[in-house]
Structure formats: structure tokens, C-alpha cells
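# Inside the fold
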Amino acid sequence: MPKTQKKEIIQTPKGTHDVLHGDIRYLNKIIEKAQEIAEFYGFLPIKTPHLEHAELFARPLGETSEVVEKQMYTLRTRGGDLLVLRPEGTAPIVRAYHQNGMISWPQPVKLYYEGAFFRHENPQKGRFREFRQFGLEILGDDDAVLDAQVIKIMYLTLAELKLKNLIIRINSIGDKNCRPSYKKELANYYKRKFNYLCKDCKRRFKDNPMRMLACKEKSCIELKAQAPQIIEQLCEACKTHFKSVLEFLDEGQIPYLLDHQLVRGFDYYGRTVFEIFMEEDKKETISEKTENQAKELNKKEEPAAQIALGGGGRYDELSTIMGGRKVPAVGWSLGLERIIHEMKKMALPSEASPKPSVFLIHIGPAAKRRAFNLMEDMRKSGI
Ligand code: HAM
């Protein structure tokens, strides 16, 4: 007789996982803190759908961005629409801003959101296919103080959760006036190194050479070290804006490192870009730094392998790329799984679980019947 085959229980798809109560307590704590600070600074909550039209992301993020090229979960509906599981939250927020007439609200409009995002990545440390972000965006104003304000909120949220050794890396990638000439110079540089580029970068070369600066291939990282830097070619307006952002950060005693090699992975960014990290083996903690101690990264020093807890920047052109009026904006999002991981590693407390004060025991069928309603009677009486 053939042996009966043991049926395997179906597992979660690769890169996704169940979130059990322990992690949910951490999740709640992080969201509560982020929400408390965001609400204090006048941000309003918003929820956008998990499904959006694919074209919402293609141009704004960049046709050759890692996310659009390889990581979007797309589906064709029965009606023929091409939809995607949202890979990020900023393009949907700009869509929602226009769709809901926020352009006629008093400006700037400040919004915050939390939820799941989806990217078909190769699962590895801190990288999942379904992950959660908390994010906030300020739309309708290009004042440098707002760049500093969002950075301050990002820093405070993590610092008040008691995460240590926080480092904000910051750069300016210029705007549509100064970036084209920089791109040309960068293209000239990479043209001479073309044979050493990875397969993807050879393709990116034609579309947007700045994309190559975000490539994670070892050979491309090495080439990046010698590449020309945008900071030297910023126009006067971008220089003044960036200087002002840094002055506000100094004023708020928010420590940062200038990282002139930092570019972000999406096309919608312009001017300020930033990411926040925890530096593992850094002896001097960020909170020990004082104002005006912002240091230029030593270019020879290889930064330790780090995973960004969050990132963001200014995106003044995104609304126009999407076909709307110009709406200058700035924002960020934090990766919640990565923060949970760090909090657990540091044995930081999560949200407290409620402790039961009554344990109901019944003996015999009559008591079992009585107990069936007794617990609810106690709940109603506030026990
Ligand atoms: P992002 O850098 O792609 O930016 O993502 C922000 C953060 O989300 C990352 O720093 C990381 O912590 C987390 N994250 C990203 N991908 C994954 C993943 N596969 N698994 C786990 N965590 C991940 C954005 O998404 C922009 N929308 C941020 C922004 C808001 N820019 C302006 N406003």
C-alpha cells in the first residue's frame, strides 16, 4: 500500500511574514511616538489605497529606478487596468493632494501615514517584500526651515524611542537648473569607465547617470568614490537653500554628517536628500556631538555596512512630473521592521501588554454555565 503523503502546511510567500503580538507591541509603540510628534507639529493623518495605477510610479520614481525596473508587483484587472501594490508612499500622497483639492487648503499641507508597502526585492537582512513604513510629507512650500523641521522630527522620533548612535547623512542634489550640467560631467566620467560598469548601470548610463551613484554593485561603489560631486556644481539658489537647511539643523542641535555621495533611488528628488542610520561601531554617539560639529565625511573612510532606518528629501518637481501644478514638497519615511529589529537588539521596552487582574475558574457544568456570562459582567462593571 502506498504511504500516505504528509501534506505540508502552506507557508507565507518569500519575503513576507506574520506579525505576532510581541512585534505588534513594538509596532504600536513606534507608531504612537511618531504620531504624537507629528500631531504636535500639525500633521494630519491620511490613508491611501494599497492598489494604485502603475503609471503613478513609473515616471515619478524613474523608469530605470530599481523599484520600477524590477520590484513592482503589477496586476492586470479584469477590466484591463494595470495596477500595482504600492511600492512607496510619496507619489500616492501627491496624487491624493490633487485628487482631494488640498491645493486650495491653507498651505503648506502636512500629512502623515503608516502602512504596508510592497517591493519584489531579494529578501535579506532588513529587506522584505512586504514591509511597513511611517512617513510624513509637507506639501506646498519650499522654505528650507521645513526640510530641517522634517529631519528634526525624524531624529526626535527615533531618539525618543531611545535608539542610540543615530547619524543623519545629508546632501543636496541640486535642482533642474544645476543638475543637467552635473549629469553631463558625470556621464563624461562614467563614459571613460564604461567597461567596468555592471550590466544594469550600462543601461542606466543612457537614461540617468545619477542613478549609477545609487548602485549597490561592488564595482560601481568603487567607481563612485572618484566620481564628480554635485555639491561643487550647485547653483546659487540651491547652495543658499542647502546652507539654510544646515543652519536650521545647527540651530536645533540636530547632528548630521554631510555625505556628498548620497543620492536617493527615485527621480522625484531635488535639493535636500537625507537618510538616518545607526552607526554600530561608532564610539562617539550622535547625542554627544554639539552644534556646528557637522563634519565632512572623510572620503577615504569606508562607511561601515549600514542599513538606513529611514530616508527622504525634497521633491519640488514631483507634482509637475505627474502633470499637476508645481507643488514644492519635502518628507521622509521610516522602515518600521528595521526599527523593531534595533529596539529588540537593544532590549528596549515595547508597549506594555495589559496584565489580567482576574482569573476565572469554574468547576462543574453549572459553574461553567454561570462563568459564561460572569466574565462579561465583570468587564461591564469596569473590573
Ligand atoms: P525609501 O528610502 O525607499 O524611501 O524607504 C524608506 C525606508 O523604508 C528605508 O530607509 C527603509 O528603512 C524602509 N524600507 C525600504 N524598503 C524596504 C524593504 N524592502 N524592507 C524593509 N524596509 C524597507 C521612500 O520610500 C520614500 N517614499 C521616502 C520619502 C517620503 N521621500 C519623501 N517623502
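In what follows, the structure referred to is the one given above.
To keep things clear, this report deals only with the structure shown in the data block. Predicted, not measured: the structure shown is a model, and the values here were computed from it.

## Considering the pattern of salt bridges
- By the definition in use, this model includes 28 salt bridges.
- The shortest N-O distance in the salt bridge between Lys326 and Glu317 comes to 3.3 Å.
- Lys326 sits in the partly exposed class, given a relative accessible area of 47%.
- Given a relative accessible area of 22%, Glu317 falls into the partly exposed group.

## What to know about the state of the cysteines
- All told, the structure shown has zero disulfides when counted by the stated rule.
- Here Cys178 is not cross-linked by a disulfide; its sulfur's nearest cysteine counterpart is in Cys235, at 3.6 Å.
- The thiol sulfur of Cys198 is not disulfide-bonded, and the nearest other cysteine sulfur, from Cys220, lies at 3.7 Å.

## Observations regarding the packing of helix α1 (residues 21–40) against helix α5 (residues 144–160)
- It is the contact of α1 with α5, at a shortest axis distance of 9 Å, that shows an interaxial angle of 140 degrees. In terms of orientation, α1 and α5 fall into the oblique class. The two elements α1 and α5 meet at a crossing, and its hand is right-handed. Taking contact as the criterion, the partners of Lys33, Ala34 and Ile37 in α1 are, on α5, Ile153, Leu156, Thr157 and Glu160.
- Tallied by class, the residues present in the contact of α1 with α5 amount to four nonpolar, one polar and two charged.

## Thoughts on the site of the ligand
- Not every one of the 27 residues close to the ligand is listed here, only the nearest: Glu88, Glu121, Phe128, Glu137 and Tyr269.
- Contact between the ligand and Tyr268: a nitrogen atom at 3.3 Å from a side-chain N or O atom of the residue.
- At 3.4 Å from an oxygen atom of the ligand is found a main-chain nitrogen or oxygen belonging to Gly310.
- When the free accessible area of the ligand is taken as 660 Å², the share hidden by the protein chains comes to 96%.
- Mapped onto the shell around the ligand, the elements with two or more residues apiece are β6 (130–139), β11 (310–314) and β12 (329–335).
- Across the shell around the ligand, the residue classes tally to 10 nonpolar, 10 polar and seven charged.

## What to know about the nonpolar core
- By size, the foremost hydrophobic cluster in this structure holds 99 residues, and its most contacted members are Ile170 and Tyr190.
- Counting residues per element, this core draws most heavily on α5, at nine residues.

## Re unusual backbone geometry
- The step from Gln107 to Pro108 runs through a cis peptide bond, and the omega angle for that step is -5 degrees.
- Tracing the chain through its elements places Pro108 in the loop between α4 (90–99) and β5 (109–118).
- Its identity as a non-glycine residue notwithstanding, Asn165 has a phi of 55 degrees, on the positive side.
- If you trace the backbone, Asn165 turns up in the loop between α5 and β7 (166–172).
- Judged by its relative accessible area of 17%, Asn165 is buried.

## Describing the pairing of β7
- Most of β7 sits out of view: seven of its seven residues are buried.
- Where burial is concerned, the two faces of β7 agree: the one with Leu166, Ile168, Ile170 and Ser172 and the one with Ile167, Arg169 and Asn171 are both buried.
- Bridging between β7 and strand β9 (residues 272–278) involves seven bridges; their strand directions are antiparallel. Looking at the pairing, Ile167 lines up with Phe277 of β9.
- By the bridge criterion, two bridges tie β7 to strand β8 (residues 257–258) in an arrangement that is parallel. When the bridges of β8 are listed, Arg169 appears paired with Leu257.

## Topic: the packing of α1 against helix α11 (residues 336–345)
- In the contact formed by α1 and α11, the axes pass within 10 Å of each other and the chain directions differ by 110 degrees. Relative to α11, the element α1 lies roughly perpendicular. Between α1 and α11, the contacting residues are Asp23, Tyr26, Leu27, Lys29, Ile30 and Ile31 on the first element and Leu336, Ile339, Ile340, Met343 and Lys344 on the second.
- Along the lines of polarity and charge, the residues of the contact of α1 with α11 split into eight nonpolar, no polar and three charged.

## Things to note about the pairing of β9
- Summarising burial for β9: seven of the seven residues are buried, a large majority.
- Here β9 shows no split at all, with Thr272, Phe274, Ile276 and Met278 on one side and Val273, Glu275 and Phe277 on the other all buried.
- Note: β9 against β11, four bridges, orientation antiparallel. Each residue of the ladder has a partner; that of Phe274, found in β11, is Gly312.

## Here's the deal with α5
- For α5, spanning 17 residues, the distance from its first C-alpha to its last is 24 Å, which sits close to the expected 24 Å at 1.5 Å a residue.
- Among the residues making up α5, those that are buried are Ala144, Leu146, Asp147, Ala148, Val150, Ile151, Ile153, Met154, Tyr155, Thr157 and Leu158.
- A distance of 3.0 Å separates the backbone nitrogen of Val145 from a side-chain oxygen at the start of α5, and that oxygen is part of Asp143.

## As for a nonpolar patch on the surface
- On the surface, a cluster of nonpolar side chains totalling about 260 Å² of accessible area is made up of Val358, Met375 and Ile383.
- Relative to the elements of secondary structure, Ile383 occurs in the segment after α12 (365–380).
- When its relative accessible area of 60% is taken as the criterion, Ile383 is described as exposed.

## Focus on α1
- Between its terminal C-alpha atoms α1 stretches 28 Å, which fits the 28 Å expected from 20 residues at 1.5 Å a residue.
- Taken together, the buried positions of α1 are Tyr26, Leu27, Ile30, Ile31, Lys33, Ala34, Ile37 and Ala38. Buried residues of α1 fall within an arc of 160 degrees about the axis and therefore sit on the same side. With respect to the buried face of α1, the exposed residues turned more than 90 degrees away are His21, Glu32 and Phe40.
- Where the residues of α1 are buried, they touch β5, β6, α5 and α11.

Rules behind the numbers
Residues numbered from 1 in each chain as written. Predicted model: local features only at pLDDT ≥ 70, side-chain atom pairs only at ≥ 80, totals over all residues. Heavy atoms only, no water. Salt bridge = Lys/Arg side-chain N within 4 Å of Asp/Glu carboxyl O. Buried < 20%, exposed > 50% of the residue type's maximum accessible area, 1.4 Å probe, protein only. Disulfide = S-S within 2.5 Å. Axes fitted to C-alpha atoms, helices over the stretch in contact; angles between N-to-C directions. Helix = DSSP H or I, 4+ residues; strand = E, 2+ residues; numbered from the N terminus. Parallel < 35°, antiparallel > 145°, perpendicular 65-115°, else oblique. Left-handed = near helix turned anticlockwise from the far one by under 90°. Contact = heavy atoms within 4.5 Å. Nonpolar A, V, L, I, M, F, W, Y, C, P; charged D, E, K, R; others polar. Near = heavy atom within 4 Å. Polar contact = N/O pair within 3.5 Å; in protein donor to acceptor, adjacent residues only side chain to side chain. Areas by Shrake-Rupley, 256 points an atom, 1.4 Å probe, with all protein chains shown as cover. Core = buried A, V, L, I, M, F, W, Y, C linked by side-chain atoms within 4.5 Å. Pairing = 2+ DSSP bridges. Expected span 1.5 Å × (residues − 1). Patch = residues over 30% accessible without salt bridge, like charges linked within 9 Å, V, L, I, M, F, W, Y side chains within 5 Å. Arc of directions from axis to C-beta.

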